[in-house]
Amino acid sequence: MKYKHIIWDWNGTLLNDTALCVEMLNSSLEKRNLKPISVDEYREKFLFPIKTFYESVGFDFSKEPFEITNEEFHSGFEKNFKRLALQPDALSTIKKLKKKGVTQSILSATIQRKLNNQVKYFGLDSFLDNIVGLSNTPSGFGKEYEGRELLLNVLIPSEETIIVGDSMLDYNVSQSLNISCALIYNGHNNMERLAATGSKTFPNIRSFYDWITN
């Protein structure tokens, strides 16, 4: 295999949480008498920074602080994440790659404490070499910094490392870190947006695994 180190994104890539994220977002929209959005609309518009995304779907932060809406989302997600499941083939793929001697990490825009709890709950922690979240509020900024620290610690050449994600943020992180990128479009952004980056794109984890091992 060309790649000796795989950096997985968490939300949307390994954790199948898009529907819950839309549910939490729509709950906040409805509280403010704003129009709810569909999963397709969400995948078309979702981006970082989150504040900009929220404004694009109707929130007006001249009327209230962004932090109120942001906390609503994260509080709701924390209460409900145990309803979720991993993406199909996520666990089996990580196990198979581990048997092949591939080093695997998670790099997430979730704060570290919450990320540790979630990854452990879904039983992935024992198969991963590194679980890296953010040490501050999960705004999406800082993922590049944490990624650079991760690469320094792993000591595997950048040309043998690939990041696997589901959003434009993951592509941007790969560019910042100067590593390869594969994008899976059953998460938070749609196929059209991901394919436009020029990265390898896949409908699911199984098809990514078939590609990377052949």
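Everything below is about the structure shown above.
Residues numbered from 1 in each chain as written. Predicted model: local features only at pLDDT ≥ 70, side-chain atom pairs only at ≥ 80, totals over all residues. Heavy atoms only, no water.

Some points on the environment of Val-57
Next, step 1: Mapping Val-57 onto the fold places it in the loop between helix 3 (50-56) and helix 4 (66-80).
Next, step 2: For Val-57, a relative accessible area of 10% puts it in the buried group.
Next, step 3: Note: C-alpha distance between Val-57 and Asn-117 (60 residues apart in sequence) is 30 Å.
Next, step 4: Every residue in contact with Val-57, bar those within four places of it in the chain, is listed here: Leu-29, Ile-37 and Lys-45. (Helix = DSSP H or I, 4+ residues; strand = E, 2+ residues; numbered from the N terminus. Buried < 20%, exposed > 50% of the residue type's maximum accessible area, 1.4 Å probe, protein only. Contact = heavy atoms within 4.5 Å.)

Examining the packing of helix 1 (residues 18-31) against helix 4
Next, step 1: At a minimum axis distance of 9 Å, the contact between helix 1 and helix 4 shows a crossing angle of 135 degrees. As judged from the angle between their axes, helix 1 and helix 4 are oblique. For the pair helix 1 and helix 4, the sense of crossing is right-handed. Where helix 1 abuts helix 4, its residues Leu-20, Cys-21, Met-24, Leu-25, Ser-28 and Lys-31 lie against Thr-69, Glu-72, Phe-73, Gly-76, Phe-77 and Asn-80.
Next, step 2: Tallied by class, residues from the contact of helix 1 with helix 4 come to 6 nonpolar, 4 polar and 2 charged. (Axes fitted to C-alpha atoms, helices over the stretch in contact; angles between N-to-C directions. Parallel < 35°, antiparallel > 145°, perpendicular 65-115°, else oblique. Left-handed = near helix turned anticlockwise from the far one by under 90°. Nonpolar A, V, L, I, M, F, W, Y, C, P; charged D, E, K, R; others polar.)

Describing the pattern of salt bridges
Next, step 1: All told, the structure shown has 6 salt bridges when counted by the stated rule.
Next, step 2: Note that Glu-23 is salt-bridged to Arg-83, the shortest N-O span being 3.0 Å. Within this pair, whereas Glu-23 is found in helix 1, its partner Arg-83 is found in the loop between helix 4 and strand 3 (85-86), the two being separated by 60 residues in sequence.
Next, step 3: A residue is classified by how much of its surface remains accessible, and Glu-23, at 36% relative accessible area, is partly exposed.
Next, step 4: In this structure, Arg-32 engages Glu-64 in a salt bridge whose closest nitrogen and oxygen atoms are separated by 2.4 Å. Separated by 32 residues along the polypeptide, Arg-32 in the loop between helix 1 and helix 2 (39-45) and Glu-64 in the loop between helix 3 and helix 4 bring together distant segments of the chain.
Next, step 5: In this structure, a network of salt bridges that share partners links the residues Asp-9, Lys-143 and Asp-170. (Salt bridge = Lys/Arg side-chain N within 4 Å of Asp/Glu carboxyl O.)

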